2 protein chains.
Amino acid sequence: MTTDQLIHQIKIKKSFLCIGLDVDLNKIPVHLLKEEDPIFAFNKTIIDATHHLCVAYKPNTAFYEAYGIKGWQALEKTINYLNENHPDIFTIADAKRGDIGNTSTMYAKAFFEDLEFDSVTVAPYMGKDSVEPFLAFENKHTILLALTSNQGALDFQTKKIENQELYKKVLETSKTWKNSKNLMYVVGATKAEYLADIRQIIPDSFLLVPGVGAQGGNLNDVCKYGMNNYIGLLINSSRGIIYASNDNDFAEAAASKAKELQEQMALELNRHL
Amino acid sequence: MTTDQLIHQIKIKKSFLCIGLDVDLNKIPVHLLKEEDPIFAFNKTIIDATHHLCVAYKPNTAFYEAYGIKGWQALEKTINYLNENHPDIFTIADAKRGDIGNTSTMYAKAFFEDLEFDSVTVAPYMGKDSVEPFLAFENKHTILLALTSNQGALDFQTKKIENQELYKKVLETSKTWKNSKNLMYVVGATKAEYLADIRQIIPDSFLLVPGVGAQGGNLNDVCKYGMNNYIGLLINSSRGIIYASNDNDFAEAAASKAKELQEQMALELNRHL
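Not measured: the values here are computed from a predicted model.

### Here we look at the overall build of chain A
Secondary structure summary: chain A contains 11 helices and 10 strands in total. The C-alpha atoms of chain A give 18 Å as radius of gyration, which agrees with the globular expectation for 273 residues (19 Å, within 12%). Principal-axis analysis of the C-alpha atoms places the extent of chain A at approximately 55 × 45 × 35 Å. Counting every position in chain A, which comprises 273 residues, the buried fraction comes to 64%. Taking as baseline every contact in chain A between residues at least 6 positions apart, the subset at least 24 positions apart corresponds to 73%. When the accessible surface of chain A is summed, it comes to about 10,200 Å², and 45% of that surface belongs to carbon and sulfur atoms. Computed over 28 positive and 34 negative side-chain charges, the inter-centroid distance for chain A is 5 Å.

Okay, here's the thing in structure tokens:
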């Protein structure tokens, strides 16, 4: 998917919501556990109930790998279901991969070719040659971790390196990499003011913002500091939507929570565009 | 496996060799492609030919994920084969994972419980709460990326943060984390002199050293600067061993390359212990 196509979808749906499909078998409605593939059954029901309210889905690979082969089968079924039924929706493999050159190419093949995701999250620690293999894929997007929403972000990311916080150094440096136009960035919303600084460095890029809701960010502030002329924001919510209820009404509850966020987003889009 | 058991194995085998099982179907002997599971067939043959010469095997997950479900099945068969036939061998899932707390727990379950590896490699960028969930597992080891052997290591890892290179900051900080005794570290051997500094910070920890051979390090220097009283080194070789030949004699060729390294390691052990 191209960035223009993503922007087009956001305008049509009046939504820049990304729904995180982080399926924990201890948290889904018990009646689904009788299904042959409970993870996929849960995802399919959530997707059917919410696809008109969001522009992206983001399965976190950890939740699938924890269930071994069955988990990977569920991940494969989920991405295939999305690509067949909702090709206009942007898909994110939240995998936080990264390795030396030829090995990163193998990861890129796994997520862009074997599973056919539109994008994958990548960790920056190993530098340029660990990220560029992902950037080489046409119309695929590499979402680089910059500032994450967890407490541990303070251990290294916000420490100063050459008079600049490490996460800003990552942003600056990544702009010099080959095919950097295919980069997006993970930026936590725990302090929305950070977004103003970040927009100084990467005014045009899309930001994937976790941490609105469960992790404690505020949508209004995120838009105030983070939105650009091309919108430039995908806001993720996982648990707040998919676990809104763990009873028979879980799909309606998820849709209702997604609708709440979509309506706030429609207001923000009206205000900013 | 405990660290003491690993050290015991090193002394018995006079080897601290780790063999990287990075299987690329374009590089293995073509006759294996007729097998039902060529990746596992290759691994099994390599393991059968080399297990007496090494103390660890390290499949890099990228090479398995690139082949989708079949790749994961091959990875599962490989770790099961190792655990059933060679329980004394240390196993490393080279996965370079890391995510926020509850998500890292899912990754730890994937590699320590579902696949039953002894250890997993983890990226430090997201800090303390992304690594501690791995450290919580008894007799399992978390091998933290510190200084990698690729060119991109110079982008961030060797840059100064609070008057100290980032990789040293990672080493220092990680020592304060809960259950840090379960930490080992990835340290590239591109400049063996770095190891002297590293040993100042973490004198007792095991180091997993890639980059001897294909990536250009020197075994003698690595041992001079990196070996401690508990040996403290696992030296990895992947392509140099497993692709020593791509003909019918590939297993013998791999064993011969492994034997060469093992004999050098026996000399180093005699010299240092």
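Having seen it, we continue.
### Digging into empty space enclosed by the protein
Using a probe with the size of a water molecule, rolled over the atoms, empty space left in the structure can be pinpointed. Within the structure shown, the criterion is met by two cavities of 30 Å³ or more. Around the largest cavity, the lining residues are Lys96, Ala123 and Leu145 of chain A together with Lys96, Arg97, Gly98, Asp99, Ala123, Tyr125 and Met126 of chain B. Residues that form the lining of the largest cavity fall into these classes: five nonpolar, one polar and four charged. The space that makes up the second largest cavity amounts to roughly 40 Å³. Lining the second largest cavity are Lys96, Arg97, Gly98, Ala123, Tyr125 and Met126 of chain A together with Lys96, Ala123 and Leu145 of chain B.

### Comments concerning the interface of chain B and chain A
Between chain B and chain A, the contact holds 55 residues from the first and 55 residues from the second. When the two sides are added together, the surface that chain B and chain A hide from each other amounts to roughly 4,900 Å², 64% of it contributed by carbon and sulfur. On the chain B side of the interface with chain A, the three residues burying the most area are Met106, Tyr125 and Phe156 of chain B, jointly 19% of the side's total. Applying the counting criterion to the chain B and chain A interface returns four salt bridges. Between glutamate 65 of chain A and arginine 97 of chain B there is a salt bridge, with the nearest N and O atoms lying 3.0 Å from each other. With seven residues, the top contributor of residues to the side of chain B that touches chain A is helix α5 (residues 101–114) of chain B. Split into classes, the residues belonging to the side of chain B that touches chain A amount to 24 nonpolar, 15 polar and 16 charged.

### Side note on the pattern of salt bridges
Taken as a whole and assessed by the stated rule, the structure comprises 24 salt bridges over all chains. We note a salt bridge from aspartate 94 of chain B to lysine 58 of chain B, for which the minimum N-O separation is 2.8 Å. With aspartate 94 of chain B in strand β3 (residues 90–97) and lysine 58 of chain B in strand β2 (residues 56–58), this residue pair connects regions lying 36 residues apart in the sequence. Like aspartate 94 of chain B, the residue lysine 58 of chain B is buried in the burial classification. Taken together, the shared-partner salt bridges in this structure form one network comprising Lys58, Asp94 and Lys96 of chain A together with Asp99 of chain B.

### Focus on helix α9 (residues 219–226) of chain B
Residues and elements named next belong to chain B. Looking only at α9, the buried set comprises Leu219, Val222, Cys223 and Gly226. Around the axis of α9, the buried residues are gathered within 95 degrees of arc, so they sit on the same side. Of the surrounding secondary structure, the elements contacted by the buried residues of α9 are α8 (194–201), β9 (207–209), β10 (233–237) and α11 (250–272). The N-cap of α9, judged by a side-chain oxygen 2.9 Å from the amide nitrogen of asparagine 220 a few residues on, is asparagine 218.

### Overview of the packing of α5 of chain B against helix α6 (residues 128–135) of chain B
All names here are of chain B. Remark: α5 packs on α6, axes separated minimally by 8 Å, with the N-to-C direction vectors making an angle of 35 degrees. Crossing geometry of α5 relative to α6 is assigned as right-handed. Across from Gly101, Ser104, Thr105, Tyr107, Ala108 and Phe112 in α5, the residues of α6 making contact are Asp129, Ser130, Pro133 and Phe134. For the contact of α5 with α6, the class distribution of residues is five nonpolar, four polar and one charged.

Each value, and the rule that gives it
- Residues numbered from 1 in each chain as written.
- Chains lettered and ligands numbered in written order.
- Predicted model: local features only at pLDDT ≥ 70, side-chain atom pairs only at ≥ 80, totals over all residues.
- Heavy atoms only, no water.
- Helix = DSSP H or I, 4+ residues; strand = E, 2+ residues; numbered from the N terminus.
- Rg over C-alpha atoms; globule rule 2.2 N^0.38 Å.
- Buried < 20%, exposed > 50% of the residue type's maximum accessible area, 1.4 Å probe, protein only.
- Contact = heavy atoms within 4.5 Å.
- Areas by Shrake-Rupley, 256 points an atom, 1.4 Å probe, with all protein chains shown as cover.
- Lys, Arg positive; Asp, Glu negative; His and termini not counted.
- Charge placed at Lys NZ, Arg CZ, Asp CG, Glu CD.
- 1 Å grid on protein atoms, 1.4 Å probe; cavity = no way out; pocket = protein on both sides within 12 Å on 5 of 7 lines; lining within 4 Å.
- Points joined across faces, edges and corners; volume = space filled by probe spheres on them.
- Nonpolar A, V, L, I, M, F, W, Y, C, P; charged D, E, K, R; others polar.
- Buried area = accessible area lost by both parts, 1.4 Å probe.
- Salt bridge = Lys/Arg side-chain N within 4 Å of Asp/Glu carboxyl O.
- Arc of directions from axis to C-beta.
- Polar contact = N/O pair within 3.5 Å; in protein donor to acceptor, adjacent residues only side chain to side chain.
- Axes fitted to C-alpha atoms, helices over the stretch in contact; angles between N-to-C directions.
- Left-handed = near helix turned anticlockwise from the far one by under 90°.

Just distances and angles here, no functional claims.
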